[in-house]
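Report on the structure
The residues making up each chain are set out below.
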Amino acid sequence: MDRVTASEELIVLLDDDGTVIGTMPKPLVHHGETPLHRAFSAYLFDDAGRLLVTRRAEGKQTFPGMWTNTVCGHPGPGEDDATAIARRAAFELGLRVDQLRPALPGYRYRAEFRGVVENEVCPVYLGRFAGTPTPDPDEVGEWELLDWATFRERQESENGEAWSPWCREQARLIEEAGLVPIG
């Protein structure tokens, strides 16, 4: 798979109704006035039902060093979410994605950390992964496999900057929707 650098990656911009209004190079998107754009979040589980969580690399522009869900990112122009998730899982973690299904298709959020804002329409997916994680150190600092209860206990007990704000909110919404994966 060809590697696309951040400066070459295009982010799909949206209006408030979710209509595509253009694209912008990734390095120009995230700042204090981040425009609304497309994204995705995926929660991927192993065959034993454990969630793969990742800690964002310290060099990331947005929310560096925070624990979060398995993989998140931005679909490119004309790219569907499933293809984008598979692309990012392979790029960031060396994994294949299986049994992907929507969990929170209408999820949208805005969050700020150290002056950088995320402002995304970000459908959330559940699925399985195949392979052994081999993280790209520019993307992922650490990873762990956790059962859902342990994952949620850690989110609730660790300080506010330990976990990404979208992951905290998405996990609660996944539970409220009765979608907590079991085994």
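So, a few notes on the structure that sits alongside this text. Model, not experiment: these values are computed from the prediction.

**Considerations on the nonpolar core**
- Within the largest apolar cluster, 27 residues are counted, with the highest numbers of intra-cluster contacts made by Tyr43, Trp148 and Phe151.
- Mapped by element, the contributors of at least two residues to this core are β4 (40-45), β5 (51-56), β8 (96-104), β9 (108-113), β11 (124-130), α3 (148-157) and α4 (165-176).
- Residue contributions to this core peak at four residues, all from α4.
- Setting aside chain neighbours within four positions, we find phenylalanine 151 in contact with Tyr43, Leu51, Val53, Leu146, Trp163, Cys167 and Ala171.
- Phe40, Val71, Ala84 and Phe129 belong to the second largest nonpolar core, which has 14 residues in total.

**Things to note about the side chain of threonine 68**
- Assignment of secondary structure puts threonine 68 in strand β6 (residues 67-68).
- At 2.9 Å, the side chain of threonine 68 forms a polar contact with the side chain of asparagine 69.
- Side-chain polar atoms of threonine 68 contact the side chain of tryptophan 166, separated by 3.1 Å.
- Not counting residues up to four positions away in its chain, the partners in contact with threonine 68 are Val53, Thr54, Arg56, Trp163, Ser164, Trp166 and Cys167.

**Observations regarding the environment of aspartate 147**
- Among the structural elements, aspartate 147 can be located in the loop between β12 (140-146) and α3.
- The exposure class assigned to aspartate 147 is partly exposed, which follows from its relative accessible area of 38%.
- Separated by 61 residues in sequence, aspartate 147 and alanine 86 have C-alpha atoms that sit 22 Å apart.

**Section: the packing of aromatic side chains**
- What the rule picks out here adds up to ten aromatic pairs.
- Summarising the aromatic geometry, the rings of tyrosine 43 and phenylalanine 151 are spaced 6.5 Å apart at their centres and angled 65° between planes, so their arrangement reads as edge-to-face. Here the residue tyrosine 43 occupies a position in strand β4, and phenylalanine 151 occupies one in helix α3, the gap between them amounting to 108 residues.
- Classification of phenylalanine 151 by relative accessible area gives buried; the value is 0%.
- Arranged with centres 6.1 Å apart and planes meeting at 35°, the rings of tryptophan 67 and tryptophan 163 form a pair that is tilted. Note that tryptophan 67 is positioned in strand β6 and tryptophan 163 in the loop between α3 and α4, a separation of 96 residues in sequence. One exposure class covers both tryptophan 67 and tryptophan 163, and it is buried.

**A look at the pattern of salt bridges**
- One pass over the structure, following the stated rule, counts 16 salt bridges.
- Its salt-bridge partner being arginine 108, residue aspartate 16 comes within 3.3 Å of it at the nearest N-O pair. You can see aspartate 16 sitting in the loop between β1 (10-14) and β2 (20-25) and its partner arginine 108 sitting in strand β9, a full 92 residues away along the chain.
- Exposure remark for arginine 108: the relative accessible area of 40% places this residue in the partly exposed category.
- One salt bridge connects arginine 50 with aspartate 46, and the closest N-O pair in it is separated by 2.6 Å.
- The class of aspartate 46 is buried, set by a relative accessible area of 8%.
- Ionic contacts of the salt-bridge type, sharing partners, join the residues Lys60, Arg88, Glu92 and Glu139 into one network.

Reading guide: rules and limits
Residues numbered from 1 in each chain as written. Predicted model: local features only at pLDDT ≥ 70, side-chain atom pairs only at ≥ 80, totals over all residues. Heavy atoms only, no water. Core = buried A, V, L, I, M, F, W, Y, C linked by side-chain atoms within 4.5 Å. Buried < 20%, exposed > 50% of the residue type's maximum accessible area, 1.4 Å probe, protein only. Helix = DSSP H or I, 4+ residues; strand = E, 2+ residues; numbered from the N terminus. Contact = heavy atoms within 4.5 Å. Polar contact = N/O pair within 3.5 Å; in protein donor to acceptor, adjacent residues only side chain to side chain. Phe/Tyr/Trp six-rings, centres within 6.5 Å; stacked < 30°, edge-to-face > 60°. Salt bridge = Lys/Arg side-chain N within 4 Å of Asp/Glu carboxyl O.

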